[in-house]
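Next come the chains, spelled out residue by residue.
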Amino acid sequence: MKPTVLELRRKKGARLAMLTAYDFPTARLVAEAGVDLILVGDSLGMVVLGYDSTLPVTVADMVHHTRATRRGAPEAFVIADMPFLSYGTPQQALDTAAQLMKDAGADSVKLEGGAEVVPVVEALARAGVPVLGHVGLTPQTASALGGYKLQGKDEAAAKRILEGAVALEAAGCWGVVLELVPAPLARLVTERIGIPTIGIGAGADCDGQVLVFHDMVGMFSGFTPTFVKRYAEAGSAIREAVARYAAEVRDGSFPGEGKSFGMKEEVLKRLYGT
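Throughout what follows, the structure given in this document is the object of discussion. (Residues numbered from 1 in each chain as written. Predicted model: local features only at pLDDT ≥ 70, side-chain atom pairs only at ≥ 80, totals over all residues. Heavy atoms only, no water.)

1. Observations concerning the overall build of the protein chain
Filter applied, for reference: Under the scheme used here, helices are H or I runs from DSSP no shorter than 4 residues and strands are E runs no shorter than 2 residues, and both carry numbers assigned from the N terminus. Relative accessibility decides the category of a residue: with a 1.4 Å probe and only protein chains considered, values under 20% of the type maximum give buried, values over 50% give exposed, and everything between is partly exposed. Only the protein chains shown count as cover for residues, and the accessible areas themselves come from Shrake-Rupley with a 1.4 Å probe. For the charge count, each Lys or Arg is scored as positive and each Asp or Glu as negative, with His and the chain ends excluded. A charged residue contributes its charge at one atom only: NZ of Lys, CZ of Arg, CG of Asp or CD of Glu.
Assigned secondary structure in the protein chain consists of 11 helices and eight strands. The principal-axis extents of the C-alpha atoms in the protein chain amount to approximately 85 × 35 × 35 Å. For the protein chain, the proportion of its 274 residues judged to be buried stands at 46%. Element-wise, carbon and sulfur atoms account for 56% of the exposed surface of the protein chain, whose accessible area totals about 14,200 Å². With 28 positive and 31 negative side-chain charges, the protein chain shows a separation of 3 Å between the mean positions of the two kinds.

2. Looking at the sheet that holds strand E7 (residues 197-200)
The following threshold applies: Two strands are said to pair when DSSP picks up at least two bridges between them. Only the contacting stretch of a helix is used when fitting its axis, a line to C-alpha atoms as for every element, and angles between N-to-C directions run 0 to 180 degrees.
Spatially, E1-E2-E3-E4-E5-E6-E7-E8 is the arrangement adopted by the eight strands of the closed barrel, whose pairing is parallel. Between one strand axis and the next, the sheet turns by 25 degrees as a mean value, whatever way the strands run. Inspection of the sheet shows strand E4 (residues 108-110) paired to strand E5 (residues 131-136) by two bridges, in the parallel sense. Residue Val 109 lies in a different strand from E5, and its bridge partner there is Val 131.

3. Regarding the nonpolar core
The nonpolar side chains of soluble globular proteins are, as a tendency, buried together. Filter applied, for reference: Take the buried residues of types Ala, Val, Leu, Ile, Met, Phe, Trp, Tyr and Cys, join any two whose side-chain atoms come within 4.5 Å, and each joined set is a nonpolar core. Two residues qualify as a contact provided that any one of their heavy atoms is within 4.5 Å of a heavy atom in the partner residue.
Residues Met 82, Leu 111, Leu 124 and Leu 178 are the most contacted members of the largest nonpolar core, which totals 58 residues. Per-element accounting of this core gives the leading share, six residues, to helix H7 (residues 155-171). Among all residues touching Leu 178, those that are not within four sequence positions of it are Val 135, Ala 186, Val 189, Thr 190, Thr 197, Ile 198, Gly 199, Ile 200, Ala 202 and Cys 206. If you look at the next biggest cluster of nonpolar residues, it comprises 13 residues, including Leu 37, Leu 39, Leu 132 and Ile 198.

4. Details of the packing of helix H5 (residues 90-103) against helix H6 (residues 118-126)
Counted only if it meets this: We call two directions roughly parallel when the angle between them is under 35 degrees, roughly antiparallel when it is over 145, roughly perpendicular when it lies between 65 and 115, and oblique otherwise. By convention the crossing between two helices is left-handed if the near helix lies anticlockwise of the far one by an angle smaller than a right angle, and right-handed if it lies clockwise.
It is the contact of H5 with H6, at a shortest axis distance of 9 Å, that shows an interaxial angle of 50 degrees. Looking at the two axes, H5 sits oblique to H6. The handedness of the crossing between H5 and H6 is right-handed. Judged by residue contacts, Pro 90, Ala 93, Leu 94 and Ala 97 of H5 engage Pro 119, Val 120, Ala 123 and Leu 124 from H6.

5. What to know about the environment of Val 5
Mapped onto the fold, Val 5 is located in helix H1 (residues 5-9). Take Val 5: its relative accessible area is 24%, and that puts it in the partly exposed class. Linking Val 5 and Cys 173, residues 168 residues apart in sequence, is a C-alpha distance of 9.7 Å. Beyond its immediate chain neighbours, meaning those up to four positions away, Val 5 contacts Phe 77, Pro 130 and Trp 174.

6. Remarks on the pairing of strand E2 (residues 37-40)
The alternating pattern of E2 places Leu 37 and Leu 39 on one face and Ile 38 and Val 40 on the opposite face, and all of these are buried. Two elements, strand E1 (residues 16-20) and E2, share three bridges in a ladder whose sense is parallel. Each bridged residue has a counterpart across the sheet, and for Met 18 the counterpart in E2 is Leu 37. In this structure, E2 lies alongside strand E3 (residues 77-81), joined through four bridges in parallel fashion. Looking at the pairing, Leu 39 lines up with Ile 79 of E3.

7. What about the packing of H7 against helix H8 (residues 183-192)?
Think of two packed helices as two axes; the pair is described by the angle between the axes and how far apart they sit. Applied cut-off: Polar here means any residue other than Ala, Val, Leu, Ile, Met, Phe, Trp, Tyr, Cys and Pro, which are nonpolar, and Asp, Glu, Lys and Arg, which are charged; Gly is therefore polar.
Look at H7 against H8: their axes get within 10 Å of each other, and the N-to-C directions meet at 30 degrees. On the basis of their axis angle, the class for H7 and H8 is roughly parallel. The handedness of the crossing between H7 and H8 is right-handed. Note on element contacts: H8 touches H7 through Leu 185, Leu 188, Val 189 and Arg 192, opposite Ala 158, Ile 161, Leu 162, Ala 165 and Val 166. Classifying every residue of the contact of H7 with H8 by side-chain character gives eight nonpolar, no polar and one charged.

Right, here's the structure in full:
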């Protein structure tokens, strides 16, 4: 049964499993496998749309993929990312959330940033929009953070992440993603706030974990972060299957016996006679 936001806020220490999905078949498989939360991440820009970052992803892209994901997992708790520059003001954030939730069927939205996005989170919370926060490495602003690197290594940066998570809880978030931060810092944040933390490259002490589906099953041939564990090599299996298909088409063995359909001989004779 789909959890309520109130139930999610109380899941400290629950070991929540979150995974991304961006389309109908993937969402269906992920839901059937029993994952707790599905994230339609703007990471789709890289693993599905072929961009070199998440920045080109539009609200229309997110609506399209969230709709497909919702159709594949109608009973799942689905979270949709708010893409870059779609929540610069509270009103813009409300407009974006309306599209993702009313039009696309998301149960919650996720946005990046700490104390600087508190006014946006507060406005969304007042409007009844469930919000998942995201601190540490924030991919939408990765260039300003020095690239896709570990965040919070020094005292000032660690304090900023901790204070950001605390501020997001106070603003109304039901949980916070901690991305690419030292495990001891993630543990401190998890102890300090009363809402679930969901880690990605943040160690084992978070209340949950999230990975990108394509990374986890080996379907993305680009850079794979060191913190990712591959549970399958689906990309290799698919590539091998396609190569076998192409070879069989070329040598004439596909379609073979049992893979085509016949017709009545008298009908065929009449056709040949016309």
